[in-house]
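Structural overview
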Amino acid sequence: MHGMQGNKARGGRPAKDLPGQIVLVLQGGGALGSYQAGVYEALHEAGIEPDWIIGTSIGAINASLIAGNEPQDRLARLKEFWKRMEQNPIWNLHAAFPGFNDKLTYWSTITNGIPGFFRPNPLAHAGDSYPLGAEHAGFYSTAPLQKTLGELVDFRLFNRCTPRLTVGAAHVRTSRMRYFDSRDGELTMAHIMASGALPPAFPAVRIDGELYWDGGILSNTPTEAVFDDNPRKDSLIFAVHLWNPVGAEPTTMAEVLNRHKDVQYSSRIASQIARQQQAHRLRHVINQLAALLPKSERDNPAVRELISYGCPTRMHVVRLLAPQLDRETHTKDIDFSPSGIMRRWDAGYRHTRAVLERPPWIGEFDPLSGVILHEQAEAMPMAAE
């Protein structure tokens, strides 16, 4: 992982280079979330701190580590968190049996958990009908994560709303997505824990009398929260994706399992963006048409109501995509090996540095375009070390 190399523009970013509020959107994806930490490191190094962070699952956890610390402490807290997540194999047999360490790490995680994250819940195996209670019904306990976050996050900082923090969770009773927002009310440890309560591994979390699960089971890409915000603002959105929406046809069962997870958790981001581009284009069209009307017509209450559906905002969406590691399998989201964490972190750092060196949001754009998508070069598989 890279060290801090100064803060070249902190507190004084040039408005001409950054078109609006800075929004950091973080998907869920377990161990893949170290890529998000690398993205933040590059932004932090460039002096770009987010005005708004939106996260689901591991994205909510990373978001809490950023929003729950002062700017000068954020990177150190992220590094400490991911250091605690490392799962070292009992034996190092990589040289003799390539890939065997990965299997050892996987089975160690399944059997023993991660000391700073989760531990096995023996009662979960007492029988399918054994009464565990709604807040304990999971194969693992996340009490270790609660302790870790309690040591690394100052939850009082959430309520300053600088940066604004939003986390997504699934309402168990109604199957509806709920975004908890520091702008609208106090966020606590429970909100972060709920956003990462992925069933059946982790138990639901109760907030105001209602149970919530990991928001990723409904919408793992919470960019929609920016598009649906009221009032909308000009925004530069760094959308950090952990699951590849595009992939080759699977030819083995291992490839089927891997591709299935990518399809499931990439959350149809391409169609979301396409719909938002269409909607925002229509809003800009309404503005253009309204400008052609005489003032007397624009002052008509009925016409004013129609004009209100227009919107002049522009949102630049920079999509950053975590790479596929060599020999990656469907267990990649629990690959807490030190090498897996490091390689994904470094990839996030490098990808973001490349974007910042040639900012794609600077230039001339179609005046009718309200949402402009900037894709990074396709992330190629990274060879194992």
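Before going into details, it helps to say that this report is about the structure given with it. Computed from a predicted structure; not experimentally measured. (Residues numbered from 1 in each chain as written. Predicted model: local features only at pLDDT ≥ 70, side-chain atom pairs only at ≥ 80, totals over all residues. Heavy atoms only, no water.)

1. Considering unusual backbone geometry
- The amide bond that connects Pro199 to the next residue, Pro200, takes the cis arrangement and shows omega of -5°.
- Tracing the backbone through its elements, the reader meets Pro200 in the loop between helix H6 (189–195) and strand E7 (205–207).
- For the bond running from Asn230 to Pro231, omega is 0°, close enough to zero to count as cis.
- Following the sequence through the fold, Pro231 ends up in the loop between helix H7 (224–227) and strand E9 (235–241).
- Although it is not a glycine, Ser57 adopts a positive phi angle of roughly 60°.
- The residue Ser57 is located in the loop between strand E2 (52–56) and helix H2 (58–67) in this model.
- Non-glycine residue Ser175 carries a positive phi angle of around 60°.
- Of note, Ser175 is situated in the loop between strand E5 (164–171) and strand E6 (176–181).
- Using a relative accessible area of 52% as the deciding quantity, one classes Ser175 as exposed. (Helix = DSSP H or I, 4+ residues; strand = E, 2+ residues; numbered from the N terminus. Buried < 20%, exposed > 50% of the residue type's maximum accessible area, 1.4 Å probe, protein only.)

2. Describing the pattern of salt bridges
- Within the structure shown, the criterion is met by 24 salt bridges.
- Taking the shortest distance from any N to any O, the salt bridge between Glu151 and Arg84 comes out at 2.6 Å. Of the two residues, Glu151 is situated in helix H5 (residues 143–152) and Arg84 in helix H3 (residues 71–85); the sequence distance between them amounts to 67 residues.
- The class for Glu151 is partly exposed, based on a relative accessible area of 42%.
- Across the pair Arg164 and Asp229 runs a salt bridge whose closest N-O atoms are separated by 3.0 Å. One end of the pair, Arg164, is in strand E5; the other, Asp229, is in the loop between H7 and E9, with 65 residues separating them in the sequence. With respect to burial, Arg164 and Asp229 carry one shared label: buried.
- Salt bridges sharing common partners tie together Arg259, Asp262, Glu328, Lys332, Asp335 and Arg344. (Salt bridge = Lys/Arg side-chain N within 4 Å of Asp/Glu carboxyl O.)

3. Quick word on the packing of aromatic side chains
- In total, this model carries 11 aromatic pairs according to the counting rule given.
- Measuring from ring centre to ring centre gives 5.4 Å for Phe81 and Trp82, while their planes differ by 85°; the resulting arrangement is edge-to-face. Here Phe81 matches Trp82 in class, with each residue buried.
- Centre to centre, the rings of Phe118 and Phe202 are 5.3 Å apart; their planes meet at 50°, and the pair counts as tilted. Here the residue Phe118 occupies a position in the loop between helix H4 (100–112) and strand E3 (119–120), and Phe202 occupies one in the loop between H6 and E7, the gap between them amounting to 84 residues. (Phe/Tyr/Trp six-rings, centres within 6.5 Å; stacked < 30°, edge-to-face > 60°.)

4. A word on the environment of Leu306
- Here Leu306 lies in helix H11 (residues 301–307).
- Looking at Leu306, the relative accessible area reads 56%, which means it is exposed.
- Considered as a pair, Leu306 and Ile286 are 20 residues apart in the sequence and their alpha carbons are 8.4 Å apart.

5. A short note on empty space enclosed by the protein
- What the rule picks out here adds up to two cavities of 30 Å³ or more.
- The space that makes up the largest cavity amounts to roughly 60 Å³.
- If you go around the largest cavity, the residues you meet are Leu32, Leu242, Asn244, Asp262, Ala322, Pro323, Gln324, Glu328, Lys332 and Arg344.
- Residue composition of the lining of the largest cavity, by class: four nonpolar, two polar and four charged.
- Volume-wise, the second largest cavity comes out at about 30 Å³. (1 Å grid on protein atoms, 1.4 Å probe; cavity = no way out; pocket = protein on both sides within 12 Å on 5 of 7 lines; lining within 4 Å. Points joined across faces, edges and corners; volume = space filled by probe spheres on them. Nonpolar A, V, L, I, M, F, W, Y, C, P; charged D, E, K, R; others polar.)

6. Topic: the packing of helix H1 (residues 34–45) against helix H12 (residues 338–357)
- Contact geometry of H1 with H12 gives a least axis separation of 6 Å together with a crossing angle of 40°. As the angle between them shows, H1 and H12 are arranged oblique. You can see that H1 and H12 cross each other, and the crossing is right-handed. Packed against H1, whose contacting residues are Ser34, Tyr35, Ala37, Gly38, Val39, Glu41, Ala42, Leu43 and Glu45, the element H12 presents Gly340, Ile341, Arg344, Trp345, Ala347, Gly348, Tyr349, His351, Thr352, Arg353 and Leu356 at the interface.
- Counted by class, the contact of H1 with H12 contains 10 nonpolar, six polar and four charged residues. (Axes fitted to C-alpha atoms, helices over the stretch in contact; angles between N-to-C directions. Parallel < 35°, antiparallel > 145°, perpendicular 65-115°, else oblique. Left-handed = near helix turned anticlockwise from the far one by under 90°. Contact = heavy atoms within 4.5 Å.)

Keep in mind these numbers describe shape, not what the thing actually does.
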